[in-house]
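# Survey of secondary and tertiary structure
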Amino acid sequence: MATFTIYLLRDTIKCAEDGLVEGAVPHEISDGPSTFGRLFVKPTRARPPSWAPLFEGYVERRLLGTVQSSSAVFMVPVEDRIFALTFGQGRFLLHPDAYEERFGLIVTLNSIKSDALRSMDKRALVDDQNSRVQTSQTAAAVSFGVDIERDLVRGIVGRPTDPALGRRLAGADALTVTTDVEVPGLRKLLRRYLKKFESKDYQENFPWVDHVRQLIPKGQAATRLDQMLIERMKHAWRSNGIVDGCWLAVPDIVDWSIVDGFKFTQSRSEGVSNDLHLPGLVQAFPDEEPTLQFLRKHYALAVDDEEHIVNRWPVYRCIHCEIDEDGKSFIMSAGRWFEIDRTFVGSVEQAFADIPRFDGELPIYNHSNEGDYNEFVATQSGGKWCLMDKKMLSVGGIHDKVEFCDLYGSKQLVHIKHYGSSAVLGHLFNQGLVSGELLKSHQPYVALANAELSKAHQLEADQGDEKFTARDVSGFSVVFGIISQSEQPNLHLPFFAKVVLKSVNSRLLELGYGKVMVTKVTCNPMVRLTKRVKEKKSRSRRGQTISRAK
């Protein structure tokens, strides 16, 4: 038995050398008149092991031995395509854009039953968490906890239905297979894998796999999209930062008790903005050429009220861009390009459009941070809203401490958040879901909330003598308010944030909530676009070291 790691080179690569970096020496692999392919080997030299310096002075170096890594790629032509079988560190001999994305994943999905999975690699699209889930016996995808709308499947392991394909298949970009085939039989086996890759049969049992796929960084598709992004940036520079389908967003969750605003330079003459936006970037660098290097080398800076830097991110990572091309949809989020199935895009957009907008009214945002705004709304509401911002309820267990909401009144739980990336807004929506689940099913939750609510806003207490099952929450509504600096009248969210909201909305309605609503909290343009002049606050932390981005 042998284990092979197999890549399929793109159909544009007709010569093996075109898919390789320099430095590999070719060797023809043949048997008499039969030529099976060419083996490319990169010469290496022996060296001391990495741990050897630890024992210098105690043991002669020659006694510690040497190590020598190997790098080889076996190039096998099949029909009009070329397969690359890598050995040792051979994958580093391939150009990163030389091979087909998801080749191994598609072959594996087309070769196994839907309930014959053994392992799954997935990445949560919103919070960028990678995980691998394994089972002791074959199982269906649902057993791996995959969320077909919010998870990106990166790799799958399973046993093929046809033993001729191997004992076990592991598919991602590469296909890893365990089989007893010898060199003369490789071409026949690779021909089977090519047919599996070209088949669309997997879409019957695994249609959700094509919802979203991440493009290889610096691959052909991502490189082309980066070029289109730069053209949009050039247009933004010509139009004072106004361009369709492209905007900036804070990529991470920030502490708004410290963050006072955002800048793009450390110059005191640059204004501090409440939010990240393209006009601010253009105004900071009016004479710059918006190249990829510019976007990756310049930073968006989060600053405190004394303009000390508390966090920073490459501008490239803050860009959200949506591009439609040749019937395909591409989205840039958190510095990565994704191809999104058009049907999936349509279903998400429709779900977002169907979520009702808040039928009340929230004041214009004219404040330094969310906390000040929430306090203002509660104070000027004439008793309509009770301030619950930062009042954490100790529910214990996995959730520990939970915020009931930011504003509460008339059975409406309002959650407020500055506009940000999908990760930032996804966190907001999930906070609302956790609070909603606890109000529905956690017995002490009402008493914990009442301990923080004003007397006029108290929730109806549970009957103490009755066995607790679940509360009727049909009279409650959950409202998500997004503080947005956009000049557009309608609320716009990053695509993956809409995916999370779609899921959260469905879950809250399933729990029995009467309504889930969203609303845009409009910013005062003077707050949004100009430097704020205000009295400096005296803080106890003044004089102490403030954590700064490195």
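In this report, the structure presented in the accompanying data block is examined. Bear in mind that the values here come from a model prediction, so they are computed numbers and not experimental data.

Here we take up the overall build of the chain. For the chain, the count of helices and strands is 13 helices and 25 strands. Referenced to the eigenvectors of the C-alpha coordinate spread, the extents of the chain come out at roughly 95 × 65 × 65 Å. The 550 residues of the chain split such that 50% are buried. The contacts in the chain between residues at least 6 apart in sequence include a share of 67% that link residues at least 24 apart. For the chain, the accessible surface area stands at approximately 27,200 Å², while carbon and sulfur atoms represent 48% of it. Each charge class in the chain was averaged separately, 70 positive and 70 negative side chains, and the resulting centres sit 4 Å apart.

Strand pairs in the sheet, formed through backbone hydrogen bonds, run parallel or antiparallel to each other. Read from one edge of the open sheet, five strands run S19-S22-S23-S24-S25, paired in mixed fashion. Of all the strands in the sheet, the pair left with one neighbour each is strand S19 (386-387) and strand S25 (515-522). Alignment of strand S24 (residues 477-484) against S25, held across eight bridges, turns out to be parallel. Looking across to S25, one finds that Val-479 is bridged to Met-517.

Another aspect to go through is a positive patch on the surface. A surface patch of like charges, here positive, comprises Arg-118, Arg-159, Arg-167 and Arg-168. Counting through the fold element by element, Arg-167 comes out in the loop between strand S8 (151-158) and strand S9 (168-171).

Bringing helix H10 (residues 422-441) into the picture now. A rise of 1.5 Å per residue sets the reference length of H10, with its 20 residues, at 28 Å; its end C-alpha atoms lie 28 Å apart and thus fit the reference within 8%. With 14 of 20 residues buried, H10 is to be regarded as a mostly interior element.

Okay, the pattern of salt bridges next. In this structure the tally under the stated criterion is 17 salt bridges. Residue Arg-224 is joined to Glu-325 by a salt bridge in which the shortest nitrogen-to-oxygen separation is 3.0 Å. Note that Arg-224 is positioned in helix H4 (residues 220-238) and Glu-325 in strand S16 (residues 319-325), a separation of 101 residues in sequence. The class for Glu-325 is buried, based on a relative accessible area of 19%. Between Lys-263 and Glu-307 there is a salt bridge; the shortest N-O distance is 2.8 Å. Linking Lys-263 in strand S13 (residues 261-263) with Glu-307 in the loop between strand S14 (299-303) and strand S15 (309-314), this pair joins segments that are 44 residues apart in sequence. Taken together, the shared-partner salt bridges in this structure form one network comprising Arg-10, Glu-101, Arg-213 and Glu-339.

What counts as what
Residues numbered from 1 in each chain as written. Predicted model: local features only at pLDDT ≥ 70, side-chain atom pairs only at ≥ 80, totals over all residues. Heavy atoms only, no water. Helix = DSSP H or I, 4+ residues; strand = E, 2+ residues; numbered from the N terminus. Buried < 20%, exposed > 50% of the residue type's maximum accessible area, 1.4 Å probe, protein only. Contact = heavy atoms within 4.5 Å. Areas by Shrake-Rupley, 256 points an atom, 1.4 Å probe, with all protein chains shown as cover. Lys, Arg positive; Asp, Glu negative; His and termini not counted. Charge placed at Lys NZ, Arg CZ, Asp CG, Glu CD. Pairing = 2+ DSSP bridges. Patch = residues over 30% accessible without salt bridge, like charges linked within 9 Å, V, L, I, M, F, W, Y side chains within 5 Å. Salt bridge = Lys/Arg side-chain N within 4 Å of Asp/Glu carboxyl O. Expected span 1.5 Å × (residues − 1).

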